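A structural walkthrough
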Amino acid sequence: MNVLPLDDAAADLAVAGGKGASLARLSRAGLPVPPGFHITTDAYRAFTAPFRERLGAPGARELFTTHEIPPDLAAEILAAYAKLGDGAAAVAVRSSATAEDLPGMSFAGQQDSYLNVHRADLLDAVRRCWASLWNPRAVAYRERNHVPHDDVALAVVVQELVDADAAGVMFTADPVTGARGQSVVNAAWGLGEAVVGGQVTPDNAVVAGGRVRSYTVADKAVMTVREPGGTRERAVPPARRSLRVLSDGQVLRLAALGEKIQRLYGTPMDVEWARRGEELFVVQARPITALAEEVEEWNDSLTGQYLWTSGNLGEAIPDVMTPVTWSLVRLFIREAMSASAIPGYRLVGNIGGRFYLNLSIAISAAKAFGMSGRLGAIEQVFGRIPPGLDVPLLPASRWQLIKAMLPMAIRLRRRVAANVKRLRPFLATARSRCEELRERAGLISEPAELAAFWEEGLRPYVVETCRMLEAAGRQGGAALVMTRDKLREMVGDSDAEAMLTGANAGGELASMGPIIGLDKLARGEIDRAEFAAVYGHRGAHEFEVSVPRPGEDPGWIDRRLAEVASGAAGDLLTRQEEARAAAWARFDHRYPRKGAAMRARVDRWNAIVRDREDTRSENMRVFWAMRAFVLRAGELTGLGDDIFHLEIDEILDVLRGGRSPLARIPVRRATYRKYAALPIYPMLIVGPFDPVRWAASPDRRVDLYDARGGQAPPADTVSGFPGAPGVVEGVARVLSGPEEGERLKPGEILVTTLTNIGWTPMFPRAAAVVTDMGAPLSHASIVARELGIPAVVGTGNATARIRDGDRIRVDGERGTVEVLKG
């Protein structure tokens, strides 16, 4: 079997080589492949049999020129050639190795091919193709890819040469970004060798959604043309250099051919094509090697010109979110923060996998209701807005906003009033109810039953928990901010912060829970089981359901216990209680008739803080229950950890027997890996933001990104919100995450991007706390105040300006950080 027709079913990889097998497949599928035939690997082996043992030695190529093709084989080749065209056709003679066009290894260009060959030169061209299997380039390529030389043979494809007026290459996926769903077509004048060989810059067209999305005309200086005995490069006539090679219609026809080829192979393809007049031909097709993984774009910054912040709630969700977590976070936001939304605008967004809140909504609402003077309250919750920043507002009139928001505000008032009455009974049973749901999820044995459990048991409880958080957070209106402002006005920052501590005294403050719980465990007041049950749902990654909770990880408790100095938290609380009493004594002396009223007001402050913290803690407990549900879904469906790359509705679909969501998992997994590899993005983002380009920029900033440009240069000094008063000097320990907590030694100053409850156990060791992100009502400020630890939060640049091991001075009252010399 030395010669086969081009479309012969026997022309597989072993017989016809990679290129030949592909052309045979394309031809059988009815694609416009130029006619031709295969000279098989059997022919190669027959020809090399007399000198096969010498092929591995130096000078192996010369053996091919000193041996003639056996007469019977030569006759078969020439007979097949005679059937092409009029028997005198110009042909392309192309090498096709058995190790060619394999997944991950194309071997493109490693062996030789010859164009514009006629009958008289055909046999010599075949010998030269066979010899090219042993050229230094091909030998080195095989060795780099660990392909044994003895395993390789070479077939040859002979095809009519298309007398092309234009040719090029088409990719059925973007070869640079890996984006599927779009084709990229390169085109130049003449034969395709100038494009394939890189001698010419071709026109470039991008097709997506059945449309030509872009067409870039290149200055095409050279073209490959036929000449007697072969081909040559020739200058393109000046009048044609900047002309379009392809019309939109031809681009779309090529893209349609590419789609057919991709469907045939089931993978993105690299296709060489040629055009003669209006005829299009496919001259080669191979899978795209080294194609970037297909990814999605998770980027709500592209939806409009808004100010996005990762402050406050974003500090509690510090990670790139898996798709299931993002879907559950959206459920949480919809039920717990519905009153903050305005129809038609996204309240929260996913930017490169990270959580952001649309601050343009809150600022636009404040201006619409004539509350511009209270914008400082927004900063106390979400962090500082740089002076002079032109905050983009919603593209709606004041009356449009009022009309949209007023009915929601009325409904909210009624709902909060009703749910505040239910808050105490809810909190009394929340822990046991949630534990029961978590245990039930792990016992269900049928997928459909698990889906029903979500709809009838777990989801209703999630909604109830979120509504309780909404009520706890809304009660008292702006009492938290206004009480703090009033006290600072009356007694100054230091005494005001001391007087506002003590939320933990009237009942355990949830943010302090891990500190107090570990202290109790270290002293033997509770055992490990009790600690895991009460505090095991709280951690640095408590929203992310793919991450185990501390209560699931005995090693977490061991590590934290090893870092805890028994009694340290209690000592700090006692010291702060003394400072609080002294501040109140000074207040009573200065305002003898206002003490009782102010105490009542501060007690109200502390009660609101505890309610908010307690219901927030129960929301985190319910995320643990949802993690149990998702884990069980992974077990029952056989998806394992891949389940985290589906959204909750997709998980329910799969549990009910659906299969279509499964195709999205590889893309989601690749997208998650892409974003998780990037550094934490800026706290504030204005307008469209590209996380990858930002991460690659040497001038990237972690405080602000403004797509409009023109932002003030980053400050050389470090300053932020006064989080908790006091002045401390010490060694800065710059940590990237709570997992590095063991590096923080007692008396050092903790410097980091952000903190949340997962950082709480290390606070008693810190002499002070400094963060890039944060605000007076953020986690770092609340816990530092309760412990009496000086803190400066929301600096925007601390981790950029302070190096690990620097000696620094922290002034928590003025909100400044100074790097000391020497």
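Let us look at the structure shown here. Counting from 1, residues in each chain are numbered in the order their sequence is written. A pLDDT threshold of at least 70 governs which residues receive local features in this predicted model, and a stricter bar of 80 or more applies before side-chain atom pairs are shown or counted, although totals over entire chains, interfaces and linings include all residues. Only heavy atoms go into the side-chain values, all of them from the structure, while hydrogens and water stay out.

**What to know about the environment of alanine 92**
Secondary structure elements are taken from DSSP: a helix is a run of H or I of four residues or more, a strand is a run of E of two residues or more, and numbering for both begins at the N terminus. Within the fold, alanine 92 resides in strand 3 (residues 91–97). Separated by 619 residues in the primary sequence, alanine 92 and glutamine 711 place their C-alpha atoms 60 Å from one another. Other than its neighbours up to four places away in sequence, alanine 92 contacts Tyr114, Leu115, Val157, Val158, Gln159 and Leu161. In this analysis, two residues are considered to be in contact whenever any of their non-hydrogen atoms come within 4.5 Å of each other.

**Examining helix 17 (residues 493–500)**
Think of it in three bands: with a 1.4 Å probe and only protein chains considered, a residue is buried below 20% of the maximum accessible area for its type, exposed above 50%, and partly exposed in between. Within helix 17, 6 of the 8 residues are buried, which leaves it mostly tucked inside the rest of the structure. When we look at burial in helix 17, the residues that qualify are Asp495, Ala496, Glu497, Ala498, Met499 and Leu500. Looking at the residues trailing helix 17, positive phi occurs at glycine 502, about 105 degrees.

**What about the nonpolar core?**
Here the nonpolar core consists of buried residues drawn from Ala, Val, Leu, Ile, Met, Phe, Trp, Tyr and Cys, with membership extended through side-chain atoms lying within 4.5 Å. One finds Phe355, Phe623 and Phe629 to be the most contacted residues of the largest nonpolar core, which totals 93 residues. With 11 residues, helix 15 (residues 447–474) is the single largest residue contributor to this core. In this structure phenylalanine 355 touches Thr309, Ser310, Leu313, Gly314, Ile317, Met321, Trp326, Val329, Ile333, Val348 and Gly349, once residues within four positions along its chain are discounted. Among the nonpolar cores identified, the runner-up in size contains 41 residues, and Met499, Leu735, Ala791 and Val793 belong to it.

**A few points about the sheet that holds strand 14 (residues 307–309)**
Each pair of strands is called paired provided DSSP finds at least two bridges between the two strands. Taken in spatial order, the 5 strands make up an open sheet running 15-16-14-17-18, and their pairing is mixed. Edge positions in the sheet fall to strand 15 (348–351) and strand 18 (704–706), since each has one partner strand and no second. On average, adjacent strands in this sheet sit at an angle of 25 degrees to one another, irrespective of strand direction. As paired strands, strand 14 and strand 16 (residues 354–358) are joined by 2 bridges and run antiparallel to one another. What sits directly across from threonine 309, in strand 16, is leucine 357. Across the face of the sheet, helix 11 (residues 323–336) comes into contact with strand 15 and strand 16 while running at roughly 165 degrees to strand 15. Against the sheet, helix 12 (residues 359–368) touches strand 14 and strand 16, its axis set at about 15 degrees to strand 16. Angular values range over 0 to 180 degrees, each being the angle between N-to-C directions of two axes fitted as lines to C-alpha atoms, with helices fitted over their stretch in contact.

**A short note on the sheet that holds strand 21 (residues 727–734)**
Strand order in the open sheet formed by 8 strands is 19-26-25-21-22-23-24-20, and the pairing between neighbours is mixed. Of all strands in the sheet, those bounded by a partner on one side alone are strand 19 (718–719) and strand 20 (721–724). Inspection of the sheet shows strand 22 (residues 749–752) paired to strand 23 (residues 768–771) by 4 bridges, in the parallel sense. Within strand 23, the position partnered with threonine 752 by the bridge is threonine 771. Sheet strands touched by helix 26 (residues 779–787): strand 20, strand 23 and strand 24 (791–793). Its angle to strand 20, the strand with the most contacts, is close to 45 degrees.

**Considering the pattern of salt bridges**
Any Lys or Arg side-chain nitrogen located within 4 Å of an Asp or Glu carboxyl oxygen qualifies as a salt bridge. This structure, assessed with the given rule, holds 56 salt bridges. Between aspartate 163 and arginine 226 there is a salt bridge, with its nearest N and O atoms 3.8 Å apart. Taken together, the residues span a long stretch of sequence, with aspartate 163 in the loop between strand 5 (154–160) and strand 6 (166–171) and arginine 226 in strand 10 (residues 222–227) at a distance of 63 residues. Glutamate 335 is the partner of arginine 467 in a salt bridge, and the nearest nitrogen-oxygen pair spans 2.9 Å. On the criterion of sequence distance, the pair formed by arginine 467 in helix 15 and glutamate 335 in helix 11 is long-range, its members being 132 residues apart.

**Observations regarding the environment of glycine 17**
Here glycine 17 shows up in helix 1 (residues 13–28). Distance from glycine 17 to lysine 821, taken between C-alpha atoms, is 70 Å for residues 804 residues apart in sequence.

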